[in-house]
Amino acid sequence: MSGIESFIENFNTAVDFQDPVELKPDTALGDLPEWDSLAALAVIVMFDLEYGVTITGNDLKGCASLQDVHKLLGGKA
Amino acid sequence: MASSTLRNVAYRGMASCVPKTVVSNLDDCPPAMRGERERLVRNIGIARRRICKPWQYFSTLAQDAAERLLEELAWKREEVDALIVVSQSPDYLIPATSIIIQDRMKLSTATLAFDVNLGCSGYPYALYVLGSMIASGAVKKGLVLVGDKCATLNDPLFSDAGTATALEHDPSAPPMHFDLNSDGSGWQAIMLPVGGHRRPIEMHHHIPSVDEHGGKSYPTDLILDGTAVLSFSTQRVPPALLHTLEYAGLTLDKIDYLLLHQANRMINETIRKKLRLEPDKVPSTLEDFGNTSGASIPVTMTARIREPLLSGRKRLALCGFGIGLSWATCIMETEGAVFPPLIEV
């Protein structure tokens, strides 16, 4: 599995969607029903525990798509 | 503050008191929110909370805990040299709640009493403030009352509790190690924006905004920047604990229990995993008692590890963190202390 595919799988688990969604690198975060403060917390935790990367809520606010979130890893995946 | 050690301070006992009234985060909300709430409960780990009746306050819960503790210890009221309250839910803005409780409990007027304004980080601070006076020998026996009345029906995090802890001067007591910190640059992460001198309550603050489920929110409600608090907690707490252990000449495996402030499951599990500790070493009361602010460490001791604490010497690491922003660690030992069962009123 390539870096971004496993990242998307981790993202999917972290956000804990109520109904399954299809996630692609260009998926807009604003289109995801559960892209809320709880999801942001979960993604910050996922970065920390899965990748050892520290990100903030402001970092996530600057992201429009899933690809943008992946870029926050800075090539660590 | 640099780390410091208090000697001659014996931890004699602790009692926790919660309201009987239980609020369910799943059942006590509009049915249309059920799916959203199930996801929330799965992630924050808080299913039920305790909430005061209209005639209950932090002060009444804490006083009930203190009365029970005095009874268990067989301390005479005139022996209590100090009564300190660590809370952000005073009965009145002024005077200090501790002084009112001195009178309600019929303690001597020679009792030293004052309040400390701290929340989630408050328990290690409480032990340090009272412990410092006891270490010097100026105060022989003292009580510190910690907790808050912070539950509301709408907010799924907070829960009410009051606790009382008894410390006594004793040259044979094991040392207590502390590390206490503050970062006021994060003061806006958790705050009540209205009601103080900078923004007194005015008429327009009583006008709520109403969401699609009929839920009301007011300009006077608590502001909580979840991501800022999570980042702060998970970045600050593990190194602070490891630093305090090193200062004390100890390692994590020498600790019987790590008592974390009960913030939410995401924060607490992240801290636990970063420290590579097994869940049974890090007891949790989040599911049943939510976030009880400064009371969450003592409530967890009473509700989850009372039997082990009564069974013999235990070494505990206590980590409080939150509003301020503020974080505090205490490493201490208990032996022969009294821990009455959870008081429900």
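Okay, the overall build of chain A next. The helix and strand inventory of chain A stands at 4 helices and 0 strands. Written out in order from the N terminus, the α and β elements of chain A read α-α-α-α. By the compact-globule yardstick of 11 Å for 77 residues, chain A fits well, its C-alpha radius of gyration being 11 Å. Counting across all 77 residues of chain A, residues that qualify as buried make up 45%. For chain A, the share of sequence-separated contacts (at least 6 apart) that also reach a separation of at least 24 residues comes to 54%. A total of about 4000 Å² of accessible surface is found on chain A, and carbon and sulfur atoms cover 47% of it. For chain A, the separation between the mean place of its 4 positive charges and that of its 13 negative charges on side chains is 9 Å.

All names here are of chain B. Looking at the secondary structure, you find Ser 326 in strand β16 (residues 326–334). Of the polar contacts made by the side chain of Ser 326, one reaches the side chain of Ser 121; its length is 2.7 Å. Among residues more than four places away in sequence, those in contact with Ser 326 are Leu 118, Ser 121, Tyr 125, Asn 181, Ser 182, Phe 232, Gly 320 and Phe 321.

Glancing now at the interface of chain A and chain B. Between chain A and chain B, the residue contacts involve 19 residues of the former and 17 residues of the latter. Surface buried jointly by chain A and chain B totals about 1500 Å² across both partners, of which 61% is contributed by carbon and sulfur atoms. Its largest share of buried area at the contact with chain B, chain A owes to Asp 16, Leu 38 and Leu 41 of chain A, together 37% of the area lost on that side. Taken together, the connections running from chain A to chain B amount to 3 salt bridges.

Below, the discussion takes up the layout of surface pockets. Its volume calculated, the second largest pocket comes out at about 380 Å³. The wall of the second largest pocket is formed by 16 residues, among which Ala 14, Ala 42, Val 45 and Leu 49 of chain A together with Lys 273 of chain B lie closest to the centre. Only α1 (3–15) and α2 (37–51) of chain A together with α1 (34–44) and α6 (265–274) of chain B provide two or more residues apiece to the lining of the second largest pocket. Split into classes, the residues belonging to the lining of the second largest pocket amount to 6 nonpolar, 4 polar and 6 charged.

With that out of the way, let us pick up the pattern of salt bridges. Residue and element names in this part refer to chain B. For the structure shown, the criterion picks out 23 salt bridges over all chains. Between Arg 68 and Glu 72 there is a salt bridge, with the nearest N and O atoms lying 3.1 Å from each other. Of this pair, Arg 68 and Glu 72 both sit in helix α2 (residues 58–73), separated by 4 residues, roughly a single helical turn. Residue Arg 68 is classed as partly exposed on the basis of its relative accessible area, which comes to 27%. Salt-bridge contacts for Lys 254 lead to Asp 253; the nearest nitrogen and oxygen are separated by 3.5 Å. Assessed through its relative accessible area of 54%, Asp 253 is described here as exposed.

Residues and elements named next belong to chain A. Closest axis-to-axis distance for the α1/α2 pair is 9 Å, and the angle between their directions is 135°. When the interaxial angle is binned, α1 and α2 end up oblique. The two elements α1 and α2 cross, and the hand of that crossing is right-handed. Contact residues: α1 offers Ser 6, Phe 7, Asn 10, Phe 11, Ala 14 and Val 15, while α2 offers Ala 39, Ala 42, Val 43, Met 46, Phe 47, Glu 50 and Tyr 51.

Along the chain, Ala 161 of chain B falls in strand β8 (residues 161–169). Sequence separation between Ala 161 of chain B and Leu 325 of chain B is 164 residues, and the spatial gap between their C-alpha atoms is 21 Å.

Once that is clear, we can look at the packing of aromatic side chains. Residue and element names in this part refer to chain A. Applying the stated criterion across every chain yields a total of 7 aromatic pairs over all chains. Relative to Phe 47, the ring of Phe 7 has its centre 5.7 Å away and its plane inclined at 85°; by these criteria the two rings are edge-to-face. Taken together, the residues span a long stretch of sequence, with Phe 7 in helix α1 and Phe 47 in helix α2 at a distance of 40 residues. Like Phe 7, the residue Phe 47 is buried in the burial classification.

Here the focus is the sheet that holds strand β1 (residues 4–6) of chain B. Residues and elements named next belong to chain B. Strand order in the open sheet formed by 5 strands is β1-β9-β16-β15-β14, and the pairing between neighbours is mixed. Among the strands making up the open sheet, the edge pair consists of β1 and β14 (257–260). Put simply, the sheet's adjacent strands are angled 20° from each other on average, direction ignored. Note: β1 against strand β9 (residues 176–182), 3 bridges, orientation antiparallel. Considered in β9, the bridge of Thr 5 is made with His 177.

This part is about the pairing of β8 of chain B. All names here are of chain B. With 8 of its 9 residues buried, β8 lies for the most part within the structure. In this structure, strand β2 (residues 9–18) lies alongside β8, joined through 8 bridges in antiparallel fashion. Paired with Ala 10 across the bridge in β8 is Glu 168. By the bridge criterion, 8 bridges tie strand β7 (residues 141–148) to β8 in an arrangement that is antiparallel. Paired with Gly 147 across the two strands is Gly 162, which belongs to β8.

Reading the values: the criteria
Residues numbered from 1 in each chain as written. Chains lettered and ligands numbered in written order. Predicted model: local features only at pLDDT ≥ 70, side-chain atom pairs only at ≥ 80, totals over all residues. Heavy atoms only, no water. Helix = DSSP H or I, 4+ residues; strand = E, 2+ residues; numbered from the N terminus. Rg over C-alpha atoms; globule rule 2.2 N^0.38 Å. Buried < 20%, exposed > 50% of the residue type's maximum accessible area, 1.4 Å probe, protein only. Contact = heavy atoms within 4.5 Å. Areas by Shrake-Rupley, 256 points an atom, 1.4 Å probe, with all protein chains shown as cover. Lys, Arg positive; Asp, Glu negative; His and termini not counted. Charge placed at Lys NZ, Arg CZ, Asp CG, Glu CD. Polar contact = N/O pair within 3.5 Å; in protein donor to acceptor, adjacent residues only side chain to side chain. Buried area = accessible area lost by both parts, 1.4 Å probe. Salt bridge = Lys/Arg side-chain N within 4 Å of Asp/Glu carboxyl O. 1 Å grid on protein atoms, 1.4 Å probe; cavity = no way out; pocket = protein on both sides within 12 Å on 5 of 7 lines; lining within 4 Å. Points joined across faces, edges and corners; volume = space filled by probe spheres on them. Nonpolar A, V, L, I, M, F, W, Y, C, P; charged D, E, K, R; others polar. Axes fitted to C-alpha atoms, helices over the stretch in contact; angles between N-to-C directions. Parallel < 35°, antiparallel > 145°, perpendicular 65-115°, else oblique. Left-handed = near helix turned anticlockwise from the far one by under 90°. Phe/Tyr/Trp six-rings, centres within 6.5 Å; stacked < 30°, edge-to-face > 60°. Pairing = 2+ DSSP bridges.

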